[in-house]
Amino acid sequence: MNGIFLSAIISNTRANAILRPLGPYRIASYLRQHGYSIQVIDFVHLFENDKLLQLIKKFITPETKFIGFSMMINHTDPKLKNFYIKMVNLFSLLRREYPTLKFIIGGSTGFAWSQKFQNGSLFDYIVKGYGEDHTLALFNHHYRGTKHPPFEIIDGNKHLPEHLVIEKDFNFSQSRHVWSKQDCIQPGEPLPIEFARGCIFKCTFCHYPHIGKQKNDFTKHIECVEEELRYNYTMFGTDTYYVTDDTFNADTEFVKAFTDMSKRLPFKLNYAAFIRPDLLKANPETEDMFLENGIVSAYFGIETFQEDNAKMIGKGWSAKHGKKYLPYLYHEKWKRKIHINTGMIAGLPYETLDDLKKVNQWFMDNQFPIWKWHALYLGRTANYYKSEFDLNAEKYGFSFKIFEGKSIWVNKSCDEITAMDWVNELDNDAKKYQGITAWTTIELSMYGLKFEETHKLRNSEIDWNYVTGKSHTFIENYYKDLLAL
Ligand code: B12
Ligand code: SF4
């Protein structure tokens, strides 16, 4: 193998959730298209150390020059401490045993490891942002002797951020993601898929750097989408997807083309996606399209119903129309056929815990299946992906203080630690009324649980022992398939 990439998505609620991240596979597929052999070893958090090492060593050959790691999690999350230690120990060991290999980290939070491991002590390269062109340039340099791609030195590490111009080869709109036999997709497994990159909005709390794009920039041609869906169905029996786009309905024309395409497919498509309800309301014809095009679960980032907070984060619509539109859409228009998952933020300055408890009550009274609280994240330390809040915190009424040696934000109603406590309390109060998240309904479908059933059940009514058994079997089969390659 030329490169081996390790990856994991760790659910913050279920240790054994089975979710593939798209990023490392996109890079693997692109490099394979350029003649490199790449092995992704996924779900690394679910393997015991000796098994993981056995797998890695199986794929290290005299041709191997790169070991990669893909990260989407916040590594400072105390719940992920054990995983963090496991990966640091693993990479330290690999570096010692294979001193000539290059170690490379990517993914939306990969850069955050730079500050902790300075001067190339754990990784030789840090790829920041979308990584197809940079990673190909690195491979070409090390295998084919081409020019080294430009980099910046930060924390003594070599960073390859998107903004450093290199020769552009990757064309997203016409790109075709190919899942390979090497990826050991299990029969009928749901897969992540992307149709567009970048977001047309600019929310002030958002840490994603590609915001404020024009409507049609970086959207895939519908023919490429159709080809990919047909291929996955033929090869792996996959008919169910996690759509990773930030706003699936950013472009009404795309939603229309997608709906028409879904009807041409030789199977019934199912998917979950992030949808903006303001765009649905503004384009009511799309409300009907979603009843026809296979969506089973929609994720709405409402964040707040409070007017000043909503204006401040750039989602004024949520306060103005959210409480009227959401019940109409879920109960009347969609007749509960589409599961709605709402994301809310705790820690914005104009709401107290009592106010948020009333919001909890509103969701219960209106019989929504699931809403999730997230503590506002705002920080000064990360050296990439800065939100408008991070950059201009004082302008929005935030200041910072030190708590247990760490800088945390403070505003007039709470601070970062209090907001996290609020999230625990709000989640606890809501738990017994809630069902499962958009992404979990997709995962559970591969264990034979039907959407029509899981959407009606409360979390406590799901047979989690059965689910855990099935996810163990999944990992065992995946492990055997990797060994058999
Ligand atoms: C879909 C998604 C999810 C899904 C993933 C489902 C699935 N099956 O994939 C779910 C809902 C599970 C999820 C969860 C979380 N997410 Co999320 N998620 C996204 C989203 C919208 C898209 C990610 C994606 O797949 N993009 C498409 C792929 C192709 O892009 P990519 O992952 O960036 O990969 C590219 C590069 O990073 C790089 N790359 C990736 N891996 C590797 C590896 C190597 C070796 C190399 C060289 C390069 C490389 O190359 C890839 C191709 O260009 C992003 C926003 C965004 N648009 O990026 C947020 C985002 C990544 N998520 C975020 C967060 C905060 C989370 C959570 C922590 C939320 C929470 N509080 O629970 C959890 C963490 C999950 C975990 N524990 O691992 C933040 C990260 C913020 C930050 N940078 O600090 C983002 C940016 C959202 C935001 N606007 O703030 N997420
Ligand atoms: S929070 Fe979502 S809608 Fe807002 S800018 Fe970020 S990706 Fe776009």
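Residues numbered from 1 in each chain as written. Chains lettered and ligands numbered in written order. Predicted model: local features only at pLDDT ≥ 70, side-chain atom pairs only at ≥ 80, totals over all residues.

This part is about the sheet that holds strand β11 (residues 295-303). By definition, the strands of a sheet pair up through backbone hydrogen bonds, in either a parallel or an antiparallel sense. Strand order in the open sheet made by the six strands is β8-β9-β10-β11-β12-β13, with parallel pairing throughout. If you trace the sheet from one side to the other, it starts and ends with β8 (191-193) and β13 (370-375), each paired once. Each strand of the sheet is rotated relative to its neighbour by a mean of 20°, with strand direction disregarded. Where strand β12 (residues 339-346) and β13 come together, six bridges link them in parallel fashion. In the sheet register, Ala346 faces β13, and the bridge partner there is Ala375. (Pairing = 2+ DSSP bridges. Helix = DSSP H or I, 4+ residues; strand = E, 2+ residues; numbered from the N terminus. Axes fitted to C-alpha atoms, helices over the stretch in contact; angles between N-to-C directions.)

Phi is positive for Phe43, close to 55°, though the residue is something other than glycine. By the element assignment, Phe43 lies in the loop between β2 (38-41) and α2 (49-59). Even without glycine at this site, Asn119 takes up a positive phi of about 55°. Positionally, Asn119 belongs in the loop between α4 (113-116) and β5 (125-128). We classify Asn119 as exposed; it has 9 C-beta atoms within 10 Å. (Buried ≥ 20, exposed ≤ 12 C-beta atoms within 10 Å, placed from the backbone.)

Before going further, it helps to spend a moment on the site of ligand 2. Residues in close proximity to ligand 2 include Cys199, Phe201, Lys202, Cys203, Cys206, Tyr208, Ile211, Asp246, Thr247 and Gly301, which together make up its full environment. Looking at the shell around ligand 2, its residues break down into six nonpolar, two polar and two charged. (Near = placed C-beta within 6 Å. Nonpolar A, V, L, I, M, F, W, Y, C, P; charged D, E, K, R; others polar.)

Around ligand 1, a shell composed of 38 residues is seen, among which Gly23, Gly68, Ser70, Gly106 and Gly131 lie nearest. Contributions of two or more residues to the shell around ligand 1 are made by α1 (23-33), β3 (66-70), β4 (102-106) and α5 (132-144). With four residues, α1 is the single largest residue contributor to the shell around ligand 1. The residue makeup of the shell around ligand 1 includes at least three contributed by each of domain 1 (3-170) and domain 2 (187-468). (Domains from an automatic or database assignment.)

It is worth spelling out helix α7 (residues 252-264) at this point. With 13 residues, α7 extends 19 Å from end C-alpha to end C-alpha; this agrees with the ideal 18 Å at 1.5 Å per step. Where α7 is buried, its residues touch α6 (222-236) and α9 (285-292). (Expected span 1.5 Å × (residues − 1). Contact = placed C-beta atoms within 7 Å.)

Before going further, it helps to examine the packing of α1 against α5. Axis separation between α1 and α5 bottoms out at 10 Å; the angle between their running directions is 50°. On the basis of their axis angle, the class for α1 and α5 is oblique. Crossing handedness for the pair α1 and α5: right-handed. Between α1 and α5, the residues in contact are Ile27, Tyr30 and Leu31 and Glu132, Thr135, Leu136 and Phe139, respectively. Broken down by class, the residue content of the contact of α1 with α5 amounts to five nonpolar, one polar and one charged. (Parallel < 35°, antiparallel > 145°, perpendicular 65-115°, else oblique. Left-handed = near helix turned anticlockwise from the far one by under 90°.)

This part is about the packing of α6 against α7. Helix packing for two helices is described by the angle between their axes and how far apart those axes are. Remark: α6 packs on α7, axes separated minimally by 10 Å, with the N-to-C direction vectors making an angle of 35°. Considering only the axes of α6 and α7, their crossing is right-handed. Contacts from Ile222, Val225 and Glu226 in α6 reach Ala257, Phe258 and Met261 in α7. Broken down by class, the residue content of the contact of α6 with α7 amounts to five nonpolar, no polar and one charged.

This part covers the sheet that holds β4. Ordered by their spatial adjacency, seven strands build an open sheet running β2-β1-β3-β4-β5-β7-β6, and the pairing between neighbours is mixed. Unpaired on one side and paired on the other, β2 and β6 (152-154) mark the two borders of the sheet. Direction aside, neighbouring strands of the sheet carry axes that sit 25° apart on average.

Another aspect to go through is the pairing of strand β15 (residues 406-410). Where strand β14 (residues 399-403) and β15 come together, five bridges link them in antiparallel fashion. Paired with Ile402 across the bridge in β15 is Ser407.

What follows deals with the nonpolar core. Soluble globular proteins tend to bury their nonpolar side chains together. The biggest cluster of nonpolar side chains holds 107 residues, and the ones touching the most others in it are Val243, Ala272, Ala273, Ala298 and Ala346. The two domains that each donate at least three residues to this core are domain 1 (3-170) and domain 2 (187-468). Apart from the residues within four sequence positions on either side, Ala273 is in contact with Val243, Asp245, Phe248, Ile295, Ala298 and Tyr299. (Core = buried A, V, L, I, M, F, W, Y, C linked by C-beta atoms within 7 Å.)

On to the domain arrangement of the protein chain. Assigned domains of the protein chain: these are domain 1 (3-170) and domain 2 (187-468). Between the C-alpha centres of domain 1 and domain 2 there is a distance of 27 Å. Split by residue class, the side of domain 1 that touches domain 2 holds 10 nonpolar, two polar and two charged.

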